[in-house]
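Coordinate inspection notes
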Amino acid sequence: MSRITTLNIEQAVESARPMLEGVQKKIGFLPNVFKTLAHAPEVLSAYMQHSAALSKTSLTAVEKETIALATSQVNGCDYCLAAHTLFASKSGMSDSEIESARNGQLDAIAALAKQITESRGRLTDDQIASARAVGVNDAKIIEVIAHVAAMTLTNYLNNVAQTDVDFPAVHA
């Protein structure tokens, strides 16, 4: 049972309702993470704006899901692992690719996301050089950092709240 109650659209304050309705329309249902974020409409708004901006980065859908999976694995977020395993499969990733992404082994983006999360951003010169050696330029490094930051917010929120998982469960 969640330690922070979820709010449905009718229970949320007026300023949060349009955002929640937009998520529900886009995804087809209103995930519990957004119902939890609804307690803090300004944070919900900031998260939504950050997500909208990140949707315009140069990273592909697969790369974004790879970052989400690697970050969520390191942070031990069962909720986000379940959600992003589903989204990754919808983006065309196979079960083995999803597993490799979770472990930071799929590609340079997965490795970078895992390293950033594990080190809390304190990458070594060798780690940065390794990413660059396989074509990860400075813009992509910054985009990966931004995606890790967004995932860390929801990972920590779900870990603190113990948000009820409303996606198909996966094994950690």
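Structural data are supplied above this passage.
Thresholds, definitions, all that
- Residues numbered from 1 in each chain as written.
- Predicted model: local features only at pLDDT ≥ 70, side-chain atom pairs only at ≥ 80, totals over all residues.
- Heavy atoms only, no water.
- Core = buried A, V, L, I, M, F, W, Y, C linked by side-chain atoms within 4.5 Å.
- Buried < 20%, exposed > 50% of the residue type's maximum accessible area, 1.4 Å probe, protein only.
- Contact = heavy atoms within 4.5 Å.
- Helix = DSSP H or I, 4+ residues; strand = E, 2+ residues; numbered from the N terminus.
- Expected span 1.5 Å × (residues − 1).
- Arc of directions from axis to C-beta.
- Polar contact = N/O pair within 3.5 Å; in protein donor to acceptor, adjacent residues only side chain to side chain.
- Salt bridge = Lys/Arg side-chain N within 4 Å of Asp/Glu carboxyl O.
- Axes fitted to C-alpha atoms, helices over the stretch in contact; angles between N-to-C directions.
- Parallel < 35°, antiparallel > 145°, perpendicular 65-115°, else oblique.
- Nonpolar A, V, L, I, M, F, W, Y, C, P; charged D, E, K, R; others polar.

Details of the nonpolar core
Counting residues in each nonpolar core, the largest one holds 23 residues, and the members touching the most others are Ala 16, Leu 20, Leu 30, Phe 34, Leu 37, Leu 44 and Tyr 79. If sequence neighbours within four positions are ignored, Leu 37 has contacts with Val 43, Leu 44, Tyr 47 and Leu 157. Grouped together as the second largest cluster of nonpolar side chains are 13 residues, Leu 59, Ala 70, Ile 109 and Ile 116 included.

Section: helix H7 (residues 108–119)
Taking 1.5 Å of rise per residue, the 12 residues of H7 would be expected to cover 16 Å, and the 16 Å separating its terminal C-alpha atoms lies within 8% of that figure. Within H7, the full set of buried residues consists of Ile 109, Ala 110, Leu 112, Ala 113, Ile 116 and Thr 117. The buried residues of H7 occupy one face: seen down the axis, they fall within an arc of 165°. On its buried face, H7 is in contact with helix H4 (61–75), helix H6 (95–102), helix H8 (125–133) and helix H9 (138–161). The N-cap residue of H7 is Asp 107: its side-chain oxygen and the backbone nitrogen of Ile 109 are 3.1 Å apart. Looking at the residues trailing H7, positive phi occurs at Arg 120, about 55°.

So, H6
Listing the buried residues of H6 in full gives Ile 98, Ala 101 and Arg 102. Taken down its axis, H6 places every buried residue within 100° of arc, on the same side. Buried residues along H6 sit against H4, helix H5 (78–90) and H7. Positive backbone phi, at 75°, marks Gly 104, one or two positions downstream of H6.

Side note on the pattern of salt bridges
Side-chain pairs of opposite charge can arise where the charged atoms are in close proximity. Tallying each qualifying case throughout the model produces four salt bridges. Among the salt bridges present, the one from Lys 114 reaches Glu 118, with a minimum N-O distance of 3.9 Å. Placement of both Lys 114 and Glu 118 in helix H7 is noted, with a separation of four residues, approximately one turn of the helix. Of the residues examined, Lys 114 reaches a relative accessible area of 26% and is grouped as partly exposed.

A few points about the packing of H4 against H6
Interaxial distance between H4 and H6 falls to 7 Å at its minimum, and their mutual angle equals 55°. With respect to their mutual orientation, H4 and H6 come out oblique. For the pair H4 and H6, contact is made by Thr 66, Leu 69, Ala 70 and Gln 73 and by Ile 98, Ala 101 and Arg 102, respectively. Residue composition of the contact of H4 with H6, grouped by class: four nonpolar, two polar and one charged.

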